[in-house]
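Chain residues, written in single-letter form:
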Amino acid sequence: MKKSLFTISMLMAVSSAVASPWSLDSCISYAVEHSLQVRQRIVEVRQGNVEVSSAKSGYLPTLGAQVSQGWNIGRGLTSDNTYADRNTSNTQWGVNLSLPLFDGLSTPRQVAYAKASLAAALQQLEAVRDNVTLNVIAGYLQVLYQKELHQEALHQEALSSYELTRRKALLEAGKIPEIDMLEAESQLAQDRMSVATSANDTRLALVDLAQLLYIDDIDGFDIESIDTDMLALTMAPLAELYARALGRSHAVAAARANITAAERGIDVAKTGYIPRLSFNAGIGSSYYTVSGFSNEPFGRQMRNNYATSMGFSLSIPIFDGLQTRNQVNRAKVQKVNAELQLDQAEQELMRQVQQAYYQADGARARLAAGETARDAANKAFEAMQEKYSVGRATPTDYEQAKSKALTATTQAIQARYELILRTRILDFLTTPSLL
């Protein structure tokens, strides 16, 4: 029932949200809130809080009560060493208290271990949120990239449609052969196919983004445009970027917290070598009857048999079959594994920073060259249009110039969005508050 209510409320929220375009921030917030991986980590954090509370309970005493009733029916041995038929009954009750005075430092070390594990779980939760955010950024920019390619395809279709109309008029005037008009029809058909393909690629990119947001019904789902002027942005040196990323990486912080937890685990294992001292106390009474004999009343027996007890218990480990030593060795191995995981997390962060840095640097260079090539190709196409309109160029020359302009424009668009994506990743890895 809870799942159904959650699903209904989520669908209602989605249906109201898809009516207007989503911003990048709203996509990130929604994806983080509804991510299954994030929700799993939240459950692990809750479990960590429970473990901390459970560890602290080791400081508390234990108090228990018990009541028993038993019967013995049939022959039994009597006090004069003969057997006789005797039916007996026995009623007992008692209350026992056990108070740990010194548990070999087990409880404080268990608490420290639980807190360290909780700290690691919190950092792992934030690391998962980081991954979700980066995936949404990449998906969001992919949609914008496909949209811009679609607009360029529409522009090419409009040019081809105009050219076909123009050639039809020239053909009717007898100024061009029919093959020129047929080539224009073929080019328009190809451009329309490109429009359909780019439109479908845009829809697929929106579907991929919606899946990252866990949205099933994407009718009307769309996103807002963002500032894509990133050419003037300057980046800090790679070493500085990595140092900043290292200081805020939740994945690295989680790995460090796991080392701390492993160290606390070694301390917990070593408590098996330490003696334990506890205080025990108890009260109780009993009622006993034997058939064929005169038995005192229940109340009198309970008063007469009432007893109290108290004492101390000291447990000194001498030899436990090497169990404590093996537990300590296992805990040490876990620490070594945690240290290797930290090295891996730092290397992965370095790889991410280096990859984003050099891809952004390369995209910046490609964008500068691509925009120059695009402007030159567009100017060449405009010049070719003028020459073609006065009959000084062939249809083949016209289509080649148009194709070169399209290729240069597409390459510039690709380089710009590559630069935007990699720069956004660097911003997030080093200064996530900027996103």
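Data block above holds the structure.
Residues numbered from 1 in each chain as written. Predicted model: local features only at pLDDT ≥ 70, side-chain atom pairs only at ≥ 80, totals over all residues. Heavy atoms only, no water.

Turning our attention to the packing of aromatic side chains. For the structure shown, the criterion picks out nine aromatic pairs. With centroids separated by 5.6 Å and ring planes inclined at 70 degrees, the aromatic side chains of Trp22 and Phe221 adopt a geometry described as edge-to-face. One end of the pair, Trp22, is in the loop between helix 1 (2-17) and helix 2 (24-34); the other, Phe221, is in the loop between helix 5 (178-212) and helix 6 (238-248), and 199 residues separate them in sequence. With relative accessibility at 5%, the residue Phe221 sits in the buried group. The structure contains a cluster of three or more aromatic residues connected by ring pairs, namely Trp22, Tyr30 and Phe221. Arg248 extends its terminal NZ or CZ atom over the ring of Phe428, reaching a point 5.3 Å from the ring centre. (Phe/Tyr/Trp six-rings, centres within 6.5 Å; stacked < 30°, edge-to-face > 60°. Helix = DSSP H or I, 4+ residues; strand = E, 2+ residues; numbered from the N terminus. Buried < 20%, exposed > 50% of the residue type's maximum accessible area, 1.4 Å probe, protein only. Lys NZ or Arg CZ within 6 Å of the ring centre and 35° of its normal.)

Turning next to the nonpolar core. Grouped together as the largest cluster of nonpolar side chains are 60 residues, with contacts concentrated most on Leu209, Leu213, Phe221, Ile223 and Val353. Sorting the residues of this core by element identifies helix 2, helix 3 (36-56), helix 4 (106-172), helix 5, helix 6, helix 7 (250-270), helix 9 (323-389) and helix 10 (395-430) as the ones contributing at least two each. The contact partners of Val353, leaving out residues within four places of it in the chain, are Leu238, Leu241, Tyr242, Ala245, Leu426 and Leu429. Counting residues in each nonpolar core, the second largest holds ten residues, with Leu159, Ala393, Ala401 and Ala408 among its members. (Core = buried A, V, L, I, M, F, W, Y, C linked by side-chain atoms within 4.5 Å. Contact = heavy atoms within 4.5 Å.)

This part covers the layout of surface pockets. For the largest pocket, the calculated volume is near 470 Å³. Ala127, Ser249, Ala251, Ala345 and Glu348 are, among the 22 residues lining the largest pocket, the residues nearest its centre. Of the residues that constitute the lining of the largest pocket, the class distribution is ten nonpolar, eight polar and four charged. (1 Å grid on protein atoms, 1.4 Å probe; cavity = no way out; pocket = protein on both sides within 12 Å on 5 of 7 lines; lining within 4 Å. Points joined across faces, edges and corners; volume = space filled by probe spheres on them. Nonpolar A, V, L, I, M, F, W, Y, C, P; charged D, E, K, R; others polar.)

Quick look at the sheet that holds strand 5 (residues 276-290) now. If you walk across this open sheet you meet the four strands as 1-4-5-6, and the pairing is antiparallel. Each of the sheet's edge strands pairs with one partner strand only, and the pair in question is strand 1 (62-72) and strand 6 (307-315). With direction set aside, neighbouring strand axes in the sheet form an average angle of 20 degrees. Both strand 1 and strand 4 (residues 88-102) contribute to a ladder of eleven bridges, which runs antiparallel. In the strand pairing of strand 4, Trp71 is matched with Ser89. (Pairing = 2+ DSSP bridges. Axes fitted to C-alpha atoms, helices over the stretch in contact; angles between N-to-C directions.)

Moving on to a nonpolar patch on the surface. A contiguous nonpolar surface patch, about 1,100 Å² in accessible area, is contributed by Leu101, Phe102, Leu105, Leu277, Phe312, Leu314, Ile316, Ile318, Phe319 and Leu322. For the nonpolar patch, the secondary-structure elements that each account for two or more residues are strand 4 and strand 6. (Patch = residues over 30% accessible without salt bridge, like charges linked within 9 Å, V, L, I, M, F, W, Y side chains within 5 Å. Areas by Shrake-Rupley, 256 points an atom, 1.4 Å probe, with all protein chains shown as cover. Salt bridge = Lys/Arg side-chain N within 4 Å of Asp/Glu carboxyl O.)

In this section: helix 7. For helix 7, spanning 21 residues, the distance from its first C-alpha to its last is 30 Å, which sits close to the expected 30 Å at 1.5 Å a residue. Here helix 7 has its buried residues at His250, Val252, Ala254, Ala255, Ala257, Ile259, Ala261, Ala262, Gly265, Ile266, Val268 and Ala269. Summarising the contacts, the buried residues of helix 7 are in contact with helix 4, helix 6 and helix 9. Measuring from the side-chain oxygen of the N-cap residue of helix 7 to the backbone nitrogen of Ala251 gives 3.5 Å; that N-cap residue is Ser249. (Expected span 1.5 Å × (residues − 1). Polar contact = N/O pair within 3.5 Å; in protein donor to acceptor, adjacent residues only side chain to side chain.)

Turning our attention to the side chain of Gln301. Inspection of the secondary structure assignment puts Gln301 in helix 8 (residues 298-304). A distance of 3.1 Å separates a polar side-chain atom of Gln301 from the backbone oxygen of Glu296. With residues near it in sequence (within four places) discarded, Gln301 still touches Ser285, Ser286, Tyr287, Tyr288, Asn295 and Glu296.

The final tally for this structure, using the stated rule, is 17 salt bridges. When the shortest N-O distance is used, the salt bridge between Arg264 and Asp267 registers 3.4 Å. Taken together, the residues span about one helical turn, with Arg264 and Asp267 both in helix 7 at a distance of three residues. Judged by its relative accessible area of 25%, Arg264 is partly exposed. Across the salt bridge formed by Arg422 and Glu418, the nearest N and O atoms sit 2.9 Å from each other. In this pair, Arg422 and Glu418 both sit in helix 10, four residues apart, roughly one turn of the helix. By relative accessible area, Arg422 is classed as buried at 16%.

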